[in-house]
Amino acid sequence: MNELAEYYKSRIGEYWFENGYLDKKIASIPKGKSFIFLADPHRREGIGNLMRSSDIIGYIRAVSDVKKVIIGGDFLGRERFTHHAVFELEDNMRSFLDVVGEDLLVVMGNHDLNTANVPVELYKEHILPFREVERILMSHMDRVCEDVSQKIAYLGLKGDEREELLSASRLHFYIDDNDQKLRYIMLDTGVPPIGNCVADNFGVSYYNELILQYDWLYDTLMSTPKDYDVVVSAHHFIYHEKNDVFPVVSELCKMLSAFRAKGKVVVNNLKSDNEQLTKYYAAGEHEYDFSACRASGKLAVLTADVHWDVQRYLYFDENGRYVSKPYEGEVLSDTGIVVNVTQSDAFGCTYYEQCYKMTADTNTEQCFDIVTICDDGNVRLTRIGAGIDRFVKVK
């Protein structure tokens, strides 16, 4: 065992190595393009994250070829004041950056502006500016962002208002891993409307902010280099109540289905009655043609927010209807995609009955996936900690 692996092993409880547990899980990772996906860290004083995942990830990186790590949003729960939120975000980021460095990719969560579930009259005590969130979460990454500076010129924004909206627009981006031939596409599924410059200027918040990213997603998929596989990650794709995707997410997933099949698709602007929005993204139908796309079509979709494991299968049926149903291990159709949600890594957030039990001082005290896009296009999610391995079958 190398010196770095020994160091991280010394920081992890021995129970992670009982009966060879962690080493056996690492040995079971299939051949392919692998990365780590961790959802909803939600570090909260007293009931939150036991904060051992970064050392476990350090060990995995030291003994395997797995290097990239995606944090799927929601470092924060809700801090009492803005300066508390800044401290928590910076401290959380530091714990992962010290281990992962530039291989850390971060998705914006709906809690990370520190306004989730905050009364309107108190939001100014809590809210972080988008510029501060971008600095803390994104500044270490060499990422490619959408330049919306000309597209928003019609709004006539100046000074801080303009800079805030530009920072918000840079929360969706892509990064290419040229060694693995893998494009990571990170989408922004939005935050509450209070104090949100996106809501102020476009009349949408939360997952509806994805509508603003449809054109960019198409361009990003179409510009993906030849034979590259694609990872799409976002925080908030799924209803808690139904374990199903939101309608605007279904429209976006139609694009991913067409990307897989290299065909044409019509996507609807479901907020066509919103005049603020339609000045930016036109009302009605939008056609996207993927027939000239050079990417491989192999795809993994990873999201968070729900706090328990969900796999949702979306595809065009024989009648041309776009169907969404629970994924039950079947081989995907040519247009089929699976949205994978990973349980929260936070010890204190697994009180829902759908969650796998997490117990301190055992190998269930943390929870994340090693995701592998296999050479044949199948996807395996190797669970580290609470829960079980999962699969997406293409062949």
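The following refers to the structure shown. Residue numbers here run from 1 along each chain, matching the order of that chain's written sequence. Where local features are concerned, this predicted model is filtered to residues with pLDDT of at least 70; where side-chain atom pairs are given and counted, the filter is 80 or more; whole-chain, interface and lining totals use all residues. As a rule here, side-chain values cover all heavy atoms of the structure and leave hydrogens and water aside.

Take the overall build of the protein next. Numbering of helices and strands runs from the N terminus; a helix is a DSSP stretch of H or I covering at least four residues, while a strand is a stretch of E covering at least two. When helices and strands are counted, the protein shows 11 helices and 16 strands. Each radius of gyration reported is based on C-alpha atoms, and the globular scaling rule is 2.2 Å times the count of residues to the power 0.38. In terms of overall size, the protein behaves like a compact globule, its C-alpha atoms giving a radius of gyration of 20 Å where 395 residues would be expected to give roughly 21 Å. Overall, the C-alpha framework of the protein stretches about 60 × 50 × 40 Å when taken along its three principal axes. Note on classification: 1.4 Å probe, protein chains only; a residue is buried when its accessible area is under 20% of the maximum for its type, exposed when over 50%, partly exposed between these limits. Counting the 395 residues in the protein, one finds 60% classified as buried. Two residues form a contact once any of their heavy atoms are found within 4.5 Å. Partitioning the intrachain contacts of the protein with sequence separation of at least 6 by distance along the chain shows that 72% fall at a separation of at least 24. Treating the 44 positive side-chain charges of the protein as one cloud and the 62 negative ones as another, the clouds have centres 4 Å apart. Lys and Arg are tallied as positive, Asp and Glu as negative. Neither His nor the chain termini are counted. A single reference atom marks each charge: NZ on Lys, CZ on Arg, CG on Asp, CD on Glu.

A helix is expected to reach a length of 1.5 Å times the quantity of its residues less one. Its 15 residues give helix 10 (residues 247-261) an end-to-end C-alpha distance of 21 Å, which sits within 8% of 21 Å, the value for a rise of 1.5 Å per residue. Trailing helix 10 by a residue or two, K262 shows a phi angle of about 55°, which is positive.

The geometry of an aromatic ring pair is captured by two quantities: the separation of the ring centres and the angle between the planes. A pair of Phe, Tyr and Trp rings is counted when the ring centres sit within 6.5 Å of each other, with Trp represented by its six-membered ring. The angle between the planes then sorts it: under 30 degrees is stacked, over 60 is edge-to-face, the rest tilted. All told, the structure shown has 17 aromatic pairs when counted by the stated rule. Seen from their ring centres, Y218 and F290 are 5.0 Å apart, and the 75° between their planes marks the pair as edge-to-face. Remark: F290 occurs in the loop between strand 9 (284-289) and strand 10 (299-303) and Y218 occurs in helix 9 (residues 214-222); sequence separation between them is 72 residues. As far as burial versus exposure is concerned, Y218 and F290 are alike and both buried.

In short, DSSP must find at least two bridges between two strands for them to pair. The strand order across the open sheet formed by 8 strands is 4-5-6-7-10-13-11-12, and the pairing between neighbours is mixed. Two strands bound the open sheet, and with one partner strand each, they are strand 4 (144-145) and strand 12 (322-326). The sheet contact formed by strand 10 and strand 13 (residues 337-341) spans 3 bridges and is parallel. When the sheet's bridge partners are listed, T303 is paired in strand 13 with V341. Contacting strand 4, strand 5 (173-177), strand 6 (182-186) and strand 7 (229-233), helix 9 crosses the sheet at an angle of about 175° to strand 6. Axes, fitted as lines to C-alpha atoms, cover a helix only where it is in contact. Angles between the N-to-C directions of the axes lie from 0 to 180 degrees.

For the rest of this paragraph, the subject is the pattern of salt bridges. The salt bridge criterion pairs a side-chain nitrogen of Lys or Arg with a carboxyl oxygen of Asp or Glu, the two atoms within 4 Å. Within this structure, the stated rule accounts for 25 salt bridges. The partner of R383 in a salt bridge is D309, and the shortest N-O contact between them spans 2.9 Å. Taken together, the residues span a long stretch of sequence, with R383 in strand 15 (residues 379-385) and D309 in the loop between strand 10 and strand 11 (310-316) at a distance of 74 residues. Given the relative accessible area of 0%, R383 is considered buried. By relative accessible area, which is 18% here, D309 ends up buried. E330 is the salt-bridge partner of K325, the closest N and O atoms lying 3.5 Å from each other. A relative accessible area of 23% means that E330 is categorised as partly exposed.

The subject of this paragraph is unusual backbone geometry. Positive phi, normally seen in glycine, also occurs at D227, with a value near 70°. Within the fold, D227 resides in the loop between helix 9 and strand 7. The phi torsion at D361 lies on the positive side, around 65°, for a residue other than glycine. Examined against the element boundaries, D361 turns out to sit in the loop between strand 13 and strand 14 (367-374).

Here the focus is the environment of H235. Its location among the elements puts H235 in the loop between strand 7 and helix 10. Given a relative accessible area of 0%, H235 falls into the buried group. Between the alpha carbons of H235 and T220 there is a distance of 19 Å; along the sequence they are 15 residues apart. Apart from the residues lying within four places of it in its own chain, the contact partners of H235 are D40, G72, G73, D74, V107, M108, G109, N110, T189, T303, A304 and D305.

Turning to the side chain of S64, a few remarks are in order. In this structure, S64 sits in the loop between helix 3 (53-63) and strand 2 (69-71). The term polar contact refers here to a pair of N or O atoms within 3.5 Å; inside protein, the definition further demands a hydrogen-donor-capable atom paired with an acceptor-capable atom, and it admits residues adjacent in sequence only when both atoms are side-chain atoms. Side-chain polar atoms of S64 contact the backbone oxygen of I60, separated by 2.6 Å.

Our next topic: the pairing of strand 10. Counting buried positions along strand 10 yields 5 of 5 residues, so the element is predominantly enclosed. Taking every second residue as pointing to the same face, both faces of strand 10 are buried, with L299, V301 and T303 on one and A300 and L302 on the other. Of the strand pairs in this sheet, strand 7 and strand 10 are connected by 4 bridges, and their pairing is parallel. Opposite V232, over in strand 10, you have V301 as the bridge partner.

By secondary structure assignment, the location of A5 is in helix 1 (residues 3-11). Not counting chain neighbours up to four residues away, the residues in contact with A5 comprise Y59, A62 and V63.

Taking strand neighbours across the sheet as the criterion, the 6 strands line up as 3-2-1-14-15-16 in an open arrangement whose pairing is mixed. The sheet terminates laterally at strand 3 (104-106) and strand 16 (390-392), the two strands that pair on one side only. Sheet twist, expressed as the mean angle between neighbouring strand axes with direction ignored, is 25°. Inspection of the sheet shows strand 15 paired to strand 16 by 3 bridges, in the antiparallel sense.

All right, on to the packing of helix 9 against helix 10 then. Where helix 9 meets helix 10, the axes come as close as 11 Å, and the angle between the chain directions of the two elements is 15°. By the angle class used here, helix 9 and helix 10 are roughly parallel. Judged by the sense of rotation from one axis to the other, the crossing of helix 9 with helix 10 is right-handed. Here helix 9 contributes Y214, L217, Y218 and L221 to the contact with helix 10, which in turn contributes V248, E251, L252, M255, L256 and F259. Polar here means any residue other than Ala, Val, Leu, Ile, Met, Phe, Trp, Tyr, Cys and Pro, which are nonpolar, and Asp, Glu, Lys and Arg, which are charged; Gly is therefore polar. In terms of residue class, the contact of helix 9 with helix 10 is made up of 9 nonpolar, no polar and 1 charged. By the definition adopted for this analysis, an angle is roughly parallel if under 35 degrees, roughly antiparallel if over 145, roughly perpendicular if from 65 to 115, and oblique otherwise. Should the near helix be turned counterclockwise from the far one by less than a right angle, the crossing is left-handed, whereas a clockwise turn marks it as right-handed.

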